[in-house]
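As a plain string of letters, each chain reads:
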Amino acid sequence: MSTFNRNTLVKVLEILDSSHAQEALAAAKLASAMVREAGLTWDQVIDDAILPRVAAPSPATQEPAQARAPGAGPFGYRRERELSPHEQFFMVLLSPRTPVDIKRKLRSWEGRVLDGEITPQESADLQFMYQSFVVG
């Protein structure tokens, strides 16, 4: 599971509780894609979650980002895969590197992104934000 970020999956799954059906559906699709792109099944994710937890390593003993599997992108996605706008949208929203004012701006796009109705300029802006705040 070296390319799988369980904490990010948890954040995505928490969105399933949203009162906005489209937001919950997009979160479900993103979670499913995260598991699939990590080469896992839901059964494996759940089995691993049930096992007793081992004490978390200190930040000094954690592997550097370069030690991840080749081609591993942010949130466990493979770099060679082009992400959909709604996947980029949620990754930008979930990224701790995204400024609050950008997150507010994105919230006004949410309905159009989920419906696939963003403009070409917004799509380019979203790609830029993804590259800046997620891939960085």
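The structure we're discussing is the one just above.
Criteria and cut-off values
Residues numbered from 1 in each chain as written. Predicted model: local features only at pLDDT ≥ 70, side-chain atom pairs only at ≥ 80, totals over all residues. Heavy atoms only, no water. Axes fitted to C-alpha atoms, helices over the stretch in contact; angles between N-to-C directions. Helix = DSSP H or I, 4+ residues; strand = E, 2+ residues; numbered from the N terminus. Parallel < 35°, antiparallel > 145°, perpendicular 65-115°, else oblique. Left-handed = near helix turned anticlockwise from the far one by under 90°. Contact = heavy atoms within 4.5 Å. Nonpolar A, V, L, I, M, F, W, Y, C, P; charged D, E, K, R; others polar. Expected span 1.5 Å × (residues − 1). Buried < 20%, exposed > 50% of the residue type's maximum accessible area, 1.4 Å probe, protein only. Arc of directions from axis to C-beta. Core = buried A, V, L, I, M, F, W, Y, C linked by side-chain atoms within 4.5 Å. Salt bridge = Lys/Arg side-chain N within 4 Å of Asp/Glu carboxyl O.

With their axes 8 Å apart at the nearest point, helix α1 (residues 6–14) and helix α2 (residues 21–37) run at an angle of 160 degrees to one another. The angle between α1 and α2 falls in the class roughly antiparallel. α1 and α2 meet at a crossing whose hand is left-handed. Every residue of α2 that contacts α1 at Thr 8, Leu 9, Val 12 and Leu 13 is listed here: Ala 27, Leu 30, Ala 31, Met 34 and Val 35. Residues of the contact of α1 with α2, tallied by class, amount to eight nonpolar, one polar and no charged.

The subject of this paragraph is helix α6 (residues 120–135). Compared with the 22 Å implied by 1.5 Å per residue over 16 residues, the 21 Å span of α6 between its first and last C-alpha is a close match. Three or more residues of α6 are buried, namely Glu 122, Leu 126, Met 129, Tyr 130, Phe 133 and Val 134. Around the axis of α6, the buried residues are gathered within 105 degrees of arc, so they sit on the same side. Seen from the open side of α6, the exposed residues pointing more than 90 degrees away from its buried face are Pro 120, Gln 121 and Phe 128. Those residues of α6 hidden inside the fold are in contact with α4 (85–94) and α5 (100–114). Of the residues trailing α6, Gly 136 is marked for its positive phi of about 35 degrees.

Ranked by size, the top nonpolar core spans 31 residues in total, and within it Phe 90, Leu 106 and Met 129 carry the most contacts. Listed by contribution, the elements that provide at least two residues to this core are α1, α2, α4, α5 and α6. Once residues within four sequence positions are removed from consideration, Met 129 is found in contact with Val 92, Ile 102, Leu 106, Trp 109 and Val 134.

This brings us to α2. Because each turn of an α-helix spans 3.6 residues, side chains separated by three or four positions end up pointing in the same direction. An ideal rise of 1.5 Å per residue puts 24 Å on 17 residues; α2 measures up with 24 Å between its terminal C-alpha atoms. When α2 is considered as a whole, its buried residues turn out to be Glu 23, Ala 24, Ala 26, Ala 27, Leu 30, Ala 31, Ala 33, Met 34, Val 35 and Glu 37. Just downstream of α2, Gly 39 is the residue with a positive phi angle, here 75 degrees.

What follows is about the pattern of salt bridges. In the structure shown here, the tally under the stated rule is three salt bridges. Among the salt bridges present, the one from Arg 107 reaches Glu 23, with a minimum N-O distance of 2.6 Å. Pair noted here: Arg 107 is in helix α5 and Glu 23 is in helix α2, with a separation of 84 residues, a long-range link. Exposure remark for Arg 107: the relative accessible area of 43% places this residue in the partly exposed category. Given a relative accessible area of 8%, Glu 23 falls into the buried group. Of the charged contacts in the structure, one is a salt bridge between Glu 122 and Arg 112, with a shortest N-O distance of 2.2 Å. Here Glu 122, found in helix α6, pairs with Arg 112, found in helix α5; they are ten residues apart in sequence, far enough to count as distant. When its relative accessible area of 30% is taken as the criterion, Arg 112 is described as partly exposed.

Keep in mind that these numbers describe shape and distance, not what the molecule does.
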